[in-house]
Amino acid sequence: MSAPSVMLVEGSTFCLSRGGGTIAADRAEGLFVRDTRVLSGWRLTVNGHAPQPLGVRPAEPFSATLLLRTPPPEGRADSAALVTVARHVGDGMREDLTVRNLAGTAFDCVLALEVDADFADLFAVKDGRDAACATEIRCGEGALDIAAAPGLAVTVRAAGATAVGRALRWRLRLPPRGTWTGCVQYLPHLGDEEITPGHPCGVAVADSAPARRLRDWYASAPVVGTADHTLSAVLHRTLADLGALRLADGDRTAVAAGAPWYMALFGRDSLLTSWMSLPLDTAPALGTLRTLADLQGTRADPVTEEQPGRIPHEVRVGRAAARLPGGAPVYYGTADATPLFVMLLGELNRWGLDPADRDALLPHADRAIDWIERYGDADGDGFVEYRRTGDTGLGNQGWKDSWDGVTFADGSLPEAPIALAEVQGYAYAAYLARAALADDTGDTATATRLRAAAARLKEAFDAAFWLPDRGWYALGLDRDKRPIDALTSNIGHCLWTGIADEDKAALVADRLLAPDMFSGWGIRTLSAEMGAYNPVSYHNGSVWPHDNALCAAGLARYGFTAHAARVAEAVLDAAAHFDHRLPELFCGFDRSEFDAPVPYPTSCSPQAWAAAAPLLFLRALLRLEPEADGVRVAPAVPDRYLPLRIRGVRVGAGTVHVTVDERGTRVRGTADGVRRAG
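Residues numbered from 1 in each chain as written. Predicted model: local features only at pLDDT ≥ 70, side-chain atom pairs only at ≥ 80, totals over all residues. Heavy atoms only, no water.

Caption draft 1: Broad picture of the nonpolar core. Core analysis: the largest hydrophobic core is formed by 195 residues, its most contacted members being Trp170, Tyr186 and Phe341. When residues of this core are sorted by domain, at least three fall in each of domain 1 (6–206) and domain 2 (221–622). With near-sequence residues (within four places) excluded, Phe341 lies in contact with Leu271, Leu289, Leu292, Ala293, Ile311, Leu361, His364, Ala365 and Ala368. Among the nonpolar cores identified, the runner-up in size contains 23 residues, and Ala124, Leu247, Leu324 and Ala608 belong to it. (Core = buried A, V, L, I, M, F, W, Y, C linked by side-chain atoms within 4.5 Å. Buried < 20%, exposed > 50% of the residue type's maximum accessible area, 1.4 Å probe, protein only. Domains from an automatic or database assignment. Contact = heavy atoms within 4.5 Å.)

Structure below.
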C-alpha cells in the first residue's frame, strides 16, 4: 500500500509528494513555484535502499515532518536507523534531514538524495501531458544546478554534501545512539526576479517570514469558543488554510483559489472567499480588489475575452500563462466576477474601509457597472449573459463552468448566450452596493439611478425566471430566452443577494431542503430528479461547501433560520470526515445510504472558498450584520454549538464580542452602535 500524499502550501508555492517524500515526474507531484514545477524528482536512499515511511507529522500548512526507517537487515525485524525529513515550503523549499542511529553499535551509511527538475507548467502536470524541458546539470561544491534556459533553473544546495550526477551524497558514520543532521535548500530561478527563500537554512523555521506571517495572522484573528468539538476544529483548520492561501505582493494580500492546481488569483473564487472572510480579516478583500482593479479590462479582445471594465477570471504566471487563451497571463471569461467585484467593495465598505481606499476603487466599480450594462447585457434585454468569443475559452462562465454544468431538466444542454439566475442576483446586489457607496459620497443622482436599475432588474427577473408550475427559479435563460428549467442550488444564491421575491422565498427554501436536493450532508448542486443528475459529477449532483454557505446565508436573510441551521450542521458534520478540512466538493450520495460523505476523486484541498465557508455559516447563524451605526446581531444558533463566544471581530476601528448561551445573547465592544436585535 502506498503512503498517503502530503500537500504543503504557502502562497504561490506548493509541494505535493507521497508520504515518504518521494516525487516522480510521471505523477501529479512536485515542488511548484509560480505555476512551474521546479522539482520533478526526489528520492532518498540509505545505502542504496529507500527508507520505509512510518508516518507524517503536519505542523503548519507549509511544514510537515516525514518519518521513515531504514529497511531491516535481512533476517532481522528491527531497523537500524530513523530518518526524518522536515519539509518547509515558501518561495522554494527547505528540508532538514536527520539520521538517528537506533542501535547500540556504530552505523555506517551513504545517504543519497536524487533530484530532478523538468520545469513543466502546472497545467501539463495536472493533465498528465509531457511538457518537460531539456535540462543541463552542473555539479558544484555541495550543490547541483539544474537549468533549462536562462531564467529557468533550480539550485539544490546542502553543506557537507558531495554532488555526483543528479544526487547529493553524504558518507556518515554514526556512533551508538548518535544523530546526524543536515539542511537542503531548493532555490528556484524564474525569470529576472530574485526569489528570496522563505525558509533559509541557518534560520530557525519559527523565525522565517512565512512562520511570522502565519503567527501574526493567528494573533489578529477573532477567537471563537464553542462546546462543539467539530465546529472548533473546523474553524481552526479554516484559519490555518486561509492563512496559507494568502498571496503577498508588497503591501497587498490577495487570496489564491486553492491547492494544488489553483494557487493563483481567480476573480470569482478570490472575491467570494474575501467576502466570506470579512469577519476574520478585511485585508485580503482590499488586496484582492486592488489587484483585480489593476487588471480590469481596458480593450476588447475576442481571444482573451477582455472587455472594458471586465474583471478577470484567472491570472497565471510563468510557463503556465501560455496555456491560457491567447497565451496571455490574464483570461477574462467569466460572467460573475465583475458584479462580484462591486458587491465586495460595497460589503467591505460596510465593515470599515478607509475613505481614501474607497475613493480609489470607485472608478473601477463604475467601469464594472458599465460592463454589466453594456457588454454583460449585449442584447439589451436587461440581463447579464455570457457567450465565449474565442475558440478556446470557457463555454460556461458562471461558477458551474464545466462543459455540462448548465443543463435543462431533461439533461440537454442549452445554447449560448445564457443568462444565469445567480448572475442576475449578483448584478442586482452590485447595483445596490454601488448605490450605497454613492450615498456615502453624497452622489444622490448615482444612488437614485442604480436603485432604480436594481428594482427594474428584480421585477424583470421574477417575470422571466420564476417557474410557477415548478415552484422554483429557472437556472437561466437560453439563447431563445427559454427558461433553463433544471432545479439547482443556484437559486439559493438568489436568496443570498436578495433578488428573490418575498412571496417566492418560502417555496425556494423548502425546495432546497427537499430530499432530492438535500443529501443530509448538504445541498446538492442539482436535484436528484433531473436528467443530468450524477452524484459523482463535478457540478451535477455533488455538494460544494461554499455553495451551501451562500445558500445558508440566503436562507437566514429571508428568516428561514431553521433551514439555514440544518444546512450548516450538515456540512460541518461532513467536515469531521475530512479531518475537519472541507474539500472543494464531495459526492452527492444520500446520508441514509452512506454514513460518511463520499470524497470526490479530484477535489482540491485546501481550497479557498471551501475553507472560508464555515465563517459564512457562523455569520449566518449569528445573523451578524455591519450597519451604519454599528452591528446588528440576531442569533439563531443550534444548541449543540452553545455556549458560543466570539471575541475580537473587527468592525471599522472597533471590535465586537458576542456571547450566545442558555441565558441569551450578550454583545459588547468598542464599535459604535453595537446592539442585539431579534
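Caption draft 2: The state of the cysteines, seen in detail. According to the stated counting rule, one finds one disulfide in the structure shown. Between the sulfur atoms of Cys183 and its disulfide partner Cys201 the distance amounts to 1.9 Å. Negative torsions about the S-S bond denote left-handed disulfides, and the value of about -85 degrees found for Cys183 with Cys201 makes this one left-handed. Separated by 18 residues along the polypeptide, Cys183 in strand β16 (residues 179–190) and Cys201 in the loop between β16 and α2 (209–220) bring together distant segments of the chain. For Cys551, which is in no disulfide, the shortest distance to another cysteine sulfur is to Cys494 and amounts to 9.4 Å. Classification of Cys551 by relative accessible area gives buried; the value is 0%. Here Cys587 is not cross-linked by a disulfide; its sulfur's nearest cysteine counterpart is in Cys604, at 14 Å. Given the relative accessible area of 2%, Cys587 is considered buried. (Disulfide = S-S within 2.5 Å. Helix = DSSP H or I, 4+ residues; strand = E, 2+ residues; numbered from the N terminus.)

Caption draft 3: Quick look at the domain arrangement of the protein. Domain annotation for the protein reports domain 1 (6–206) and domain 2 (221–622). At the junction of the two partners, domain 1 supplies 25 residues and domain 2 supplies 21 residues. Summed over both partners, the interface of domain 1 with domain 2 buries about 1800 Å², with 67% contributed by carbon and sulfur atoms. Where domain 1 meets domain 2, there are two salt bridges. For the pair domain 1 and domain 2, the number of links is four residue pairs in polar contact (both at pLDDT 80 or more). Sorting the residues of the side of domain 1 that touches domain 2 by element identifies β1 (5–10) and α1 (122–127) as the ones contributing at least two each. Each residue belonging to the side of domain 1 that touches domain 2 can be placed in one class, and the counts come to 15 nonpolar, three polar and seven charged. (Buried area = accessible area lost by both parts, 1.4 Å probe. Salt bridge = Lys/Arg side-chain N within 4 Å of Asp/Glu carboxyl O. Polar contact = N/O pair within 3.5 Å; in protein donor to acceptor, adjacent residues only side chain to side chain. Nonpolar A, V, L, I, M, F, W, Y, C, P; charged D, E, K, R; others polar.)

Caption draft 4: Geometry of the environment of Glu347. By the secondary structure assignment, Glu347 is in helix α6 (residues 337–352). Along the primary structure Glu347 and Val567 are separated by 220 residues, whereas in three dimensions their C-alpha atoms are 24 Å apart. For Glu347, the contacting residues outside a window of four places in its chain are Trp275, Leu278, Arg619 and Pro626. A polar contact of 2.9 Å, which involves the side chain of Glu347, links it to the side chain of Arg350.

Caption draft 5: Looking closely at the sheet that holds β16. Read from one edge of the open sheet, eight strands run β6-β7-β8-β9-β16-β13-β12-β11, paired in antiparallel fashion. Bordering the open sheet on either side are β6 (52–60) and β11 (136–140), each of which pairs with just one other strand. Averaged over neighbouring strand pairs, the angle between their axes works out to 15 degrees when direction is ignored. Pairing between strand β12 (residues 143–149) and strand β13 (residues 152–158): six bridges, direction antiparallel. Among the inter-strand pairings, Leu144 is bridged to a residue of β13, identified as Val156. (Pairing = 2+ DSSP bridges. Axes fitted to C-alpha atoms, helices over the stretch in contact; angles between N-to-C directions.)

Caption draft 6: Inspection of the packing of aromatic side chains at higher detail. On inspection of all chains with the given rule, the structure shows 18 aromatic pairs. Here Phe32 and Trp261 contribute two aromatic rings whose centre-to-centre distance is 5.9 Å and whose plane-to-plane angle is 90 degrees, an arrangement assigned as edge-to-face. On the criterion of sequence distance, the pair formed by Phe32 in strand β3 (residues 30–33) and Trp261 in the loop between β19 (252–255) and α4 (267–276) is long-range, its members being 229 residues apart. A relative accessible area of 0% places Phe32 in the buried class. On the basis of an interplanar angle of 90 degrees and a centroid distance of 6.3 Å, the ring pair of Trp399 and Trp609 is categorised as edge-to-face. (Phe/Tyr/Trp six-rings, centres within 6.5 Å; stacked < 30°, edge-to-face > 60°.)

Caption draft 7: Layout of the environment of Leu362. Along the chain, Leu362 turns up in helix α7 (residues 355–376). Leu362 gets classed as buried once you look at its relative accessible area, which sits at 9%. Taking the C-alpha atoms as reference points, Leu362 and Thr446, 84 residues apart in sequence, are found 12 Å from one another. Setting aside residues up to four positions removed in sequence, Leu362 forms contacts with Leu345, Arg434, Leu437 and Thr441.

Caption draft 8: Summary view of the layout of surface pockets. Reported here for the largest pocket is a volume of approximately 1300 Å³. Lining the largest pocket we find 44 residues, and of these Ser5, Val6, Met7, Arg581 and Ser605 sit closest to its centre. Counting residues per element, the ones that place at least two in the lining of the largest pocket are β1, β2 (13–18), β6, β7 (63–69) and α3 (229–244). When residues in the lining of the largest pocket are grouped by element, the largest group, five residues, is from α3. (1 Å grid on protein atoms, 1.4 Å probe; cavity = no way out; pocket = protein on both sides within 12 Å on 5 of 7 lines; lining within 4 Å. Points joined across faces, edges and corners; volume = space filled by probe spheres on them.)

Caption draft 9: Structural view of the pattern of salt bridges. Overall, the coordinates contain 50 salt bridges when judged by the stated rule. The salt bridge involving Asp381 is made with Lys481; its shortest N-O contact spans 2.6 Å. Taken as a pair, Asp381 in the loop between α7 and β22 (419–420) and Lys481 in the loop between β25 (476–477) and β26 (483–484) lie far apart in primary sequence, 100 residues in all. Among the ionic contacts, a cluster of salt bridges with common partners joins Asp228, Glu569, Asp573, Arg591 and Arg640.

Caption draft 10: Spatial organisation of empty space enclosed by the protein. Scanning all chains against the criterion turns up four cavities of 30 Å³ or more. Considered as a void within the structure, the largest cavity measures approximately 60 Å³ in volume. If you go around the largest cavity, the residues you meet are Val234, Arg237, Thr238, Asp241, His580, Arg581, Leu582, Pro606, Gln607, Ala610, Ala611 and Pro614. When contributions to the lining of the largest cavity are tallied by element, the ones reaching two or more residues are α3 and α14 (608–622). At four residues, α3 tops the list of elements feeding residues into the lining of the largest cavity. A class-by-class count of the residues in the lining of the largest cavity yields six nonpolar, three polar and three charged. Split by residue class, the lining of the second largest cavity holds four nonpolar, one polar and one charged.

Caption draft 11: Here's a closer look at the side chain of Glu584. Mapped onto the secondary structure, Glu584 falls in the loop between α13 (561–575) and α14. For the buried residue Glu584, which engages in no salt bridge, the nearest side chain bearing the opposite charge is Lys126, 8.9 Å off. At 2.6 Å, the side chain of Glu584 forms a polar contact with the side chain of Tyr538. When near neighbours in sequence (up to four residues on either side) are disregarded, Glu584 contacts Tyr538, Trp544, Pro545, Thr602, Ser603, Cys604, Gln607 and Ala610. (Lys, Arg positive; Asp, Glu negative; His and termini not counted.)

Caption draft 12: Spatial organisation of the packing of helix α5 (residues 283–295) against α7. Two numbers describe how α5 lies on α7: the axes approach to 10 Å, and their chain directions differ by 40 degrees. Relative to α7, α5 is oriented oblique. Like other packed secondary-structure pairs, α5 and α7 cross with a definite hand, here left-handed. Across the interface between the two elements, Leu286, Leu289, Arg290 and Ala293 from α5 touch Asp357, Leu361 and His364 from α7. Within the contact of α5 with α7, the residues separate by chemical class into four nonpolar, one polar and two charged. (Parallel < 35°, antiparallel > 145°, perpendicular 65-115°, else oblique. Left-handed = near helix turned anticlockwise from the far one by under 90°.)

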